[in-house]
Each structure stands twice: as structure tokens, then as C-alpha cells.
Amino acid sequence: MASLAVPGVVDLDAGSSGAYVTLAEGERLPGVTAVAVPDGRYAVTLNVVARMVPLEPLAEAVRAHVQRAANAAGLVAELGPVDVVVADVVAV
Amino acid sequence: MVALLRVVARTVAFALLLALAILGLAIAVFAIQGDSRALSLPTLAQHLHLPGLRERIGEFLDRLETPGPVAWVSVAGGAGAMLTGLLLLVGALAPRRERLVVLAEEGGATLAARPRPLARVADARLEQLRGVTDAHASVRPARRHGAGSLSAVASHSQRFASSEIEQRSTAALASLAAAFGLELRVRARAGTGSARVE
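Here, residues in each chain are numbered from 1, in the same order as that chain's written sequence. Working convention: letters from A go to chains and numbers from 1 go to ligands, in the order in which they are written. In keeping with the predicted nature of the model, local features appear solely for residues at pLDDT of at least 70, side-chain atom pairs appear and are counted solely at 80 or more, and the whole-chain, interface and lining totals rest on all residues. Side-chain calculation: all heavy atoms of the structure are included, whereas hydrogens and water are not.

A few points about the overall build of chain B
- Helix and strand labels come from DSSP, where a helix needs a run of H or I of at least four residues and a strand needs a run of E of at least two; each type is numbered from the N terminus. Within chain B, the regular secondary structure consists of six helices and five strands.
- Traced from its N-terminal end to its C-terminal end, chain B shows the element sequence α-α-α-α-β-β-α-β-β-α-β.
- Three labels apply to residues, based on accessible area from a 1.4 Å probe with only protein chains included: buried if under 20% of the type maximum, exposed if over 50%, partly exposed otherwise in between. The buried share among the 198 residues of chain B stands at 28%.
- Pairs of residues are marked as contacts when any of their non-hydrogen atoms sit within 4.5 Å. Sequence-distant contacts in chain B: of pairs separated by 6 or more residues, those separated by 24 or more amount to 52%.
- Using the Shrake-Rupley algorithm and a 1.4 Å probe, accessible areas are obtained, with residue cover drawn only from the displayed protein chains. Entry remark: accessible area of chain B is about 13400 Å², with carbon and sulfur atoms responsible for 62%.

Take a look at the structure:
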């Protein structure tokens, strides 16, 4: 959910069938999926709804926020690659 | 292959549901009266030749119980039915893999976008151009071999030539297509109806 604090990210998208969801400590996180990778870490995919902004800087900002959140939670060793998928764009 | 099975499964499902609906309607209509009157279930059974069908199936099942050529035909038929059922299940249940358009890959991390929002960005860029009254873009992600494509049709008012609109539209979308590695195809046409005027 750290990605919602990034300017340019409007919302997270769980997909039309609600498939892109992760349950964490009883909380439902739409638009977030975490998949275990062979080296023991977790690859995180964020499906974001973005404003019409340059996408590469947006993705870098999202990754930086996620990295900081993982640091704060003591999960930096478990955090693998962070994929950003632009699920939709809004004009506002 | 899975896409073909998906189409077949949907077609078969639709046909079966249609047949079921028609049969249900027929039963409802022929349940209005009783005995052997015109709109009764025994009359419906006669129309559908069900007594004769019962006899023929009964004879077939009797022959099936004895070993011989008929048994092998039934085994082959049963195996074919199982295979068909499995293929239809694959077509009905196989997950649709989402195809994304990749912008950048670095260190195992990917930045990608779904085709629809990219098309909407392209539409927004085109609609900002002077003379363009309507725009419709579509994005097809790359398949295994080859590049994906960004196709756009820009409608314009009568004051502008199609060639000029095509040129400006291509320039407006070139950077977007290049960033996502998409082949760009732009077509301009004189607008009709409300798309004739700015």
C-alpha cells in the first residue's frame, strides 16, 4: 500500500475478476501479488492506476517507496523484484 | 490451441444451453393438458419418437453386454467422448493469460502496461492535435515472435488534408510507440457525422 503514497498513483487495481489480491495479516490488499522466487525472496507485482505521467519515473518512485516500506518493516531481505503494471490511466 | 478450445467450448456451451431452453419450453407447453391430448407430455414423446428411440437404445445396450465388434465400437466411442470432454474442460477452465506491453526490464523487475490504458493515452494525444475530431487507437502486445503494434485512426475536419493529419498523428505517437517497442500504424480519414467539425 506504500505505492498509493506516490504522486501519480491514483489507486491499485485488483483486475476485472479480482485475481490480483494478496491477504496480509487479515487485510486484503487489492492490486498486489507476491510470488515466491527460487532464491527465497518474494517478487512483488503492483497493478496501479496512474495519472498521465511519465511511466518510468513513476515506476522508480513506486519501487523506492516499496523498498523504504520493506526496510521499515524489516523485510528487506525477503523483498525480490518489484514489477509495476499500469492497469489503467486517468486524466485527472 | 487453447484459444481455439476456448472458442469451441463457448460455442458448445451456448448450443447446449439453447437446446436445453427449447426443450424446457416444449415441456412447459406440452404439460398444459393431460392424458393423450394435443398438448400433453405423451404427445410430445410421440412427436420426438421417444418410444422407438427407447427400443433402439435398449437393443444397443443388450448387444453391448455381449463381447464382440459392437463392444469395441463402444469402447472407442467412450474414449472419444472422454477426450472430447477433457478438451472442452481445458477450453472452459484454462486461465486467460494477460498479455502486457513491456516498457522496461531491469534487474529482474519489469515495468509494463495493459493494452487498454496505452490505447487511451494514444487517443488522448491524438485528440489534442488541431484538426483531429475523433481518435481511436488499439494496442496489440507482442506475441512470441515479432513486435506488438499500435494502430490508430484519426478523424479530422474537412479543413485539413488526411496526409497532414497522418503526419502529425504519427509524430505525436512516435515516442509512445518507440518506448514500448510497438510498430506504429496511423490512418487519417475525413470525419463523418459529429466528427466532421472541431
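A closer look at the sheet that holds strand β3 (residues 132-140) of chain B
All names here are of chain B.
- Between any two strands, at least two bridges found by DSSP are needed for them to pair. Here three strands make up an open sheet; going across it, the order is β3-β4-β5 and the pairing mixed. What marks the edges here is a single partner per strand, and that holds for β3 and β5 (182-190). Neighbour to neighbour, the strand axes of the sheet diverge by 15 degrees on average, direction disregarded.
- Note: strand β4 (residues 148-156) against β5, nine bridges, orientation parallel. Looking across to β5, one finds that G148 is bridged to L182.
- Helix axes use the C-alpha atoms of the stretch in contact, all axes being lines fitted to C-alpha atoms, and the angles between their N-to-C directions lie in the range 0 to 180 degrees. On top of the sheet, helix α5 (residues 115-127) reaches β3 and β4; it is set at about 155 degrees to β3, its chief contact.
- The strands touched by helix α6 (residues 162-179) within the sheet are β3, β4 and β5, with β5 carrying the most contacts at an inclination of about 155 degrees.

With respect to the confidence of the model for chain B
All names here are of chain B.
- Looking at chain B as a whole, its pLDDT mean stands at 85, while 93% of the residues score no less than 70.
- At the level of individual helices and strands, chain B shows its lowest average pLDDT in strand β1 (residues 101-106), which scores 82, and its highest in β4, which scores 92.
- Across the interfaces of the predicted complex, the ipTM metric reaches 0.79, alongside a pTM of 0.62. For every residue, the predictor assigns a confidence score, pLDDT, that lies between 0 and 100.

A few points about the interface of chain B and chain A
- Opposite the 16 residues of chain B that make contact, chain A presents 18 residues.
- Here chain B packs against chain A, burying approximately 1400 Å² in sum over the two surfaces, 58% of which is carbon and sulfur.
- A carboxyl oxygen of Asp or Glu within 4 Å of a side-chain nitrogen of Lys or Arg is what we treat as a salt bridge. Inspection of the region where chain B meets chain A yields two salt bridges.
- One salt bridge in this structure joins R114 of chain B and D13 of chain A, with 2.8 Å as the shortest N-O distance.
- Polar contact is the term for a pair of N or O atoms within 3.5 Å; when the atoms are in protein, one must be able to donate a hydrogen and the other to accept it, and sequence-neighboring residues count only if both atoms are side-chain atoms. Taken together, chain B and chain A are joined by ten residue pairs in polar contact (both at pLDDT 80 or more).
- Listing elements by their share of the side of chain B that touches chain A, those giving two or more residues are β1, β2 (109-113) and α5 of chain B.
- Sorting elements by how many residues they give to the side of chain B that touches chain A places β2 of chain B first, with five residues.
- Under the scheme applied here, ten amino acids are nonpolar (Ala, Val, Leu, Ile, Met, Phe, Trp, Tyr, Cys and Pro), four are charged (Asp, Glu, Lys and Arg), and all others, including Gly, are polar. Each residue belonging to the side of chain B that touches chain A can be placed in one class, and the counts come to eleven nonpolar, two polar and three charged. Buried area adds together the accessible area that both of two parts lose upon being put together, with accessible area traced by a 1.4 Å probe.

Points about the pairing of β1 of chain B
- For β1 of chain B and β2 of chain B, the ladder comprises five bridges, and the chain directions are antiparallel. Among the inter-strand pairings, E105 of chain B is bridged to a residue of β2 of chain B, identified as T110 of chain B.

Comments concerning the side chain of S40 of chain B
- The residue S40 of chain B is located in the loop between α1 (2-30) and α2 (41-47) in this model.
- A distance of 2.8 Å separates a polar atom in the side chain of S40 of chain B from a polar atom in the side chain of T43 of chain B.

Side note on the nonpolar core
- Only buried residues count toward a nonpolar core. Its members are Ala, Val, Leu, Ile, Met, Phe, Trp, Tyr and Cys residues joined through side-chain atoms within 4.5 Å. Membership of the largest hydrophobic core comes to 47 residues, with the highest contact counts inside it found for L46 of chain A together with L150 and F180 of chain B.
- If one sorts the elements of this core by residue count, helix α1 (residues 55-72) of chain A sits on top with six residues.
- Leave out the neighbours within four places in its chain, and L150 of chain B touches A122, A137, S138, V139, L173, L176, A177, L182, E183, L184 and R185 of chain B.

Observations regarding the pairing of β4 of chain B
Residues and elements named next belong to chain B.
- Most of β4 is tucked away: eight of the nine residues are buried.
- Two elements, β3 and β4, share eight bridges in a ladder whose sense is antiparallel. Across the sheet, the residue bridging to A135 is A154, located in β4.
- Once the chain exits β4 it traverses α6 before rejoining the sheet at β5, and the crossover so formed is right-handed. Seen with the strands pointing away from the viewer, any crossover whose path from the first strand over the helix to the second strand runs clockwise is right-handed.

Focus: the pattern of salt bridges
- Using the criterion set out here, one finds six salt bridges over all chains in the structure.
- One salt bridge connects R41 of chain A with D39 of chain A, and the closest N-O pair in it is separated by 2.9 Å.

Side note on unusual backbone geometry
- We note that H49 of chain B has phi near 55 degrees; this positive angle belongs to a residue other than glycine.
- You can see H49 of chain B is positioned in the loop between α2 and α3 (50-64).

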